[in-house]
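# Coordinate inspection notes
Residues per chain are reported as follows:
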Amino acid sequence: MPSMQLPTLLSDPPVTDVTEYAARGGGAGLRRARALGPGGTIQEVILSGLRGRGGGGFPTGRKWQSVREAAQAPTEGDGSGTNRAFVVCNGAEGEPATFKDRAIIRANPYAVVEGVAIAAFAVGAERAFIGIKERFGPETARLAAAVDEMTAAGLLGDLTLQVVLGPDAYLYGEETGLLQVIEGEAPLPRILPPYIHGLFATVPTAGWSAAPAGVVDVAPASNPTVVNNVETLATASLILANGPEWHRSLGTAESPGTIVATVVGDVLRPGVGEVPMGTPLGEVVERVGGGLPAGRTVKAVLSGVANPVLTGDLLDTPCSHEGMRAAGSGLGAAGFLVLDDTASMVEVARELSRFLYVESCGQCPACKLGTGAITDRLDALARGEASPEDLDVVAFRLRTVTDGNRCYLPVQEQLVVSS
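So, a few notes on the structure that sits alongside this text. All values reported here derive from a predicted model rather than from experimental measurement. Per chain, residues are indexed from 1 in the order of the written sequence. Residue-level local features of this predicted model are given only where pLDDT is at least 70; pairs of side-chain atoms are given and counted only at 80 or more, and the full residue set underlies all totals for whole chains, interfaces and linings. In computing side-chain values, all of the structure's heavy atoms are included and hydrogens and water are not.

### Focus: the overall build of the protein chain
Counting its regular elements, the protein chain contains 15 helices and 9 strands. Radius of gyration: C-alpha atoms only; globule rule: 2.2 Å multiplied by the number of residues to the exponent 0.38. What you see for the protein chain is a C-alpha radius of gyration of 22 Å, in line with the 22 Å of a compact globule of 419 residues. Taken along its principal axes, the extent of the C-alpha atoms in the protein chain is 65 × 60 × 35 Å. The buried label applies to any residue whose accessible area, calculated with a 1.4 Å probe on protein chains only, is under 20% of its type's maximum; exposed applies above 50%, and partly exposed to all values in between. The 419 residues of the protein chain split such that 52% are buried. Under this rule, positive means Lys or Arg and negative means Asp or Glu; His and the chain ends count for nothing. Charged side chains are reduced to one point each, which is NZ for Lys, CZ for Arg, CG for Asp and CD for Glu. Across the protein chain, the centroid of the 32 positively charged side chains sits 1 Å from that of the 46 negatively charged ones. Think of it this way: any DSSP run of H or I at least four residues long counts as a helix, any run of E at least two long counts as a strand, and we number them from the N terminus.

### Section: the pattern of salt bridges
By convention in these notes, a salt bridge is any Lys or Arg side-chain nitrogen within 4 Å of a carboxyl oxygen on Asp or Glu. Going through the model one piece at a time under the given rule, you end up with 21 salt bridges. Between Asp340 and Arg296 there is a salt bridge, and its shortest N-O distance comes to 3.9 Å. One end of the pair, Asp340, is in strand β9 (residues 335–340); the other, Arg296, is in the loop between α10 (281–289) and β7 (298–303), with 44 residues separating them in the sequence. For Arg296, a relative accessible area of 34% translates into the label partly exposed. Note that Asp379 and Arg354 form a salt bridge whose closest N and O atoms lie 2.5 Å from each other. Within this pair, whereas Asp379 is found in helix α13 (residues 365–382), its partner Arg354 is found in helix α12 (residues 345–359), the two being separated by 25 residues in sequence. By relative accessible area, which is 11% here, Asp379 ends up buried. A single network of salt bridges, built from pairs that share partners, joins Glu347, Arg350, Glu351, Arg354 and Asp379.

### Examining the sheet that holds strand β1 (residues 86–91)
One bridge is not enough; two strands pair if DSSP finds at least two bridges between them. Spatially, β3-β2-β1-β4 is the arrangement adopted by the 4 strands of the open sheet, whose pairing is parallel. Here the strands that pair on one side only, and so sit at the sheet edges, are β3 (160–166) and β4 (225–229). Ignoring which end each strand starts from, the neighbouring axes of this sheet average 20° apart. The pairing of β1 with strand β2 (residues 127–133) spans 5 bridges and is parallel. When the sheet's bridge partners are listed, Val88 is paired in β2 with Phe129. Residue contacts follow a heavy-atom distance rule, with two residues in contact if any of their heavy atoms lie within 4.5 Å. Note on method: axes are straight lines fitted to C-alpha atoms, helices fitted across the in-contact stretch only, with angles between N-to-C directions ranging 0 to 180 degrees. Together, β1, β2, β3 and β4 form the strand contacts of helix α7 (residues 175–182), whose direction differs from that of β1 by roughly 110°. On top of the sheet, helix α8 (residues 230–242) reaches β1 and β4; it is set at about 95° to β4, its chief contact.

### Quick look at the environment of Ala73
Structurally, Ala73 can be placed in the loop between α3 (60–72) and β1. On a C-alpha basis, the gap between Ala73 and Asn83 in space is 7.7 Å, while along the polypeptide they are 10 residues apart.

### Here we look at the environment of Ser387
As for its position among the elements, Ser387 is in the loop between α13 and α14 (388–400). Separated by 232 residues in sequence, Ser387 and Leu155 place their C-alpha atoms 64 Å apart.

### Here we look at the sheet that holds β7
Strand order in the open sheet formed by 5 strands is β6-β5-β9-β7-β8, with mixed pairing between adjacent strands. Two strands bound the open sheet, and with one partner strand each, they are β6 (271–276) and β8 (310–311). Seen against the sheet, α12 touches β7 and β9 and runs at an angle of roughly 15° to β7.

Honestly, that's just the spatial picture; any functional story needs more than this.
Dropping the structure here:
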């Protein structure tokens, strides 16, 4: 019978090696997946209700199922080509106010690697990648050691798993930009999502670069690819070990399980902690961040830079997808920037707009020019030099910044600055 104790993603003390990981029950999820088979493994994840922890909240089991089915479908043309499935773990964490993936990797990289292996088994992938930023030195070392140890111990079977280092760019964490880096390109988002156009597909999408000229002598293959973030895959390993009922026993009906939250800003103890989904936002701020200094009150809370601001009167909002949506915002990756009553919201909007402008890749003119124009006008507003015309420009650019967008970055500008 599955254990009904509360496993944690933030192992304390951290797991030091593969032997200790096995002693703590590590590997049980992968063994159970192999016993269930690919279809049974996907069904367990579907039944658990696991949703992606990278910000989008898409049902993980459905994503795995769609990739497995797409990999088995005939290719384009005469159908003589062969699709290959891949799995990519997104560890390129770059969302402001979010540090939870790095905390998980430092605490237990073995659970992350096991989750990658489970996903690869489920979708039929023989090769997988973990993308991480080159500047994440301790996390890279921990992941590389975990991959080497688990491979040497035979736990990964025939799976080839590679850790890929990438640039310190926000769009490296965007799923198609991540695929670009794995293929040796700059992190420039693609038009099509990974489950439609994955890694090493024989026909590139229209983008920044093109394949070498010449005759293509193989049928086009889409190579559908699963992209899940660190927390999602580590959670999948716990679900396979403990069963979907265990995961459903935590959190809410629509947002089951726990989530690793980051709380930073005007709090006493910025930090990372694991809480059940549905925990009120104010309680998360207290438990994870230690609350505010005496005499200070919450003016606003930002859930990363992808969701509208929540004002201080909404601290009872449940930290779940449905709870945050009902409050007019979103859960995102549960990275919360807390601002007290001394904060200037004009300054906050200016800084966030500048971040998105700098990180915009430039492929979509409306995004790059729009975020730049908005930032310039907010600079003027912060200096007390803005004219009514400047505010009109901000309003216009907020309406048009998403024209023709390839990725979500200009939508973030629109949502956050407008709020």
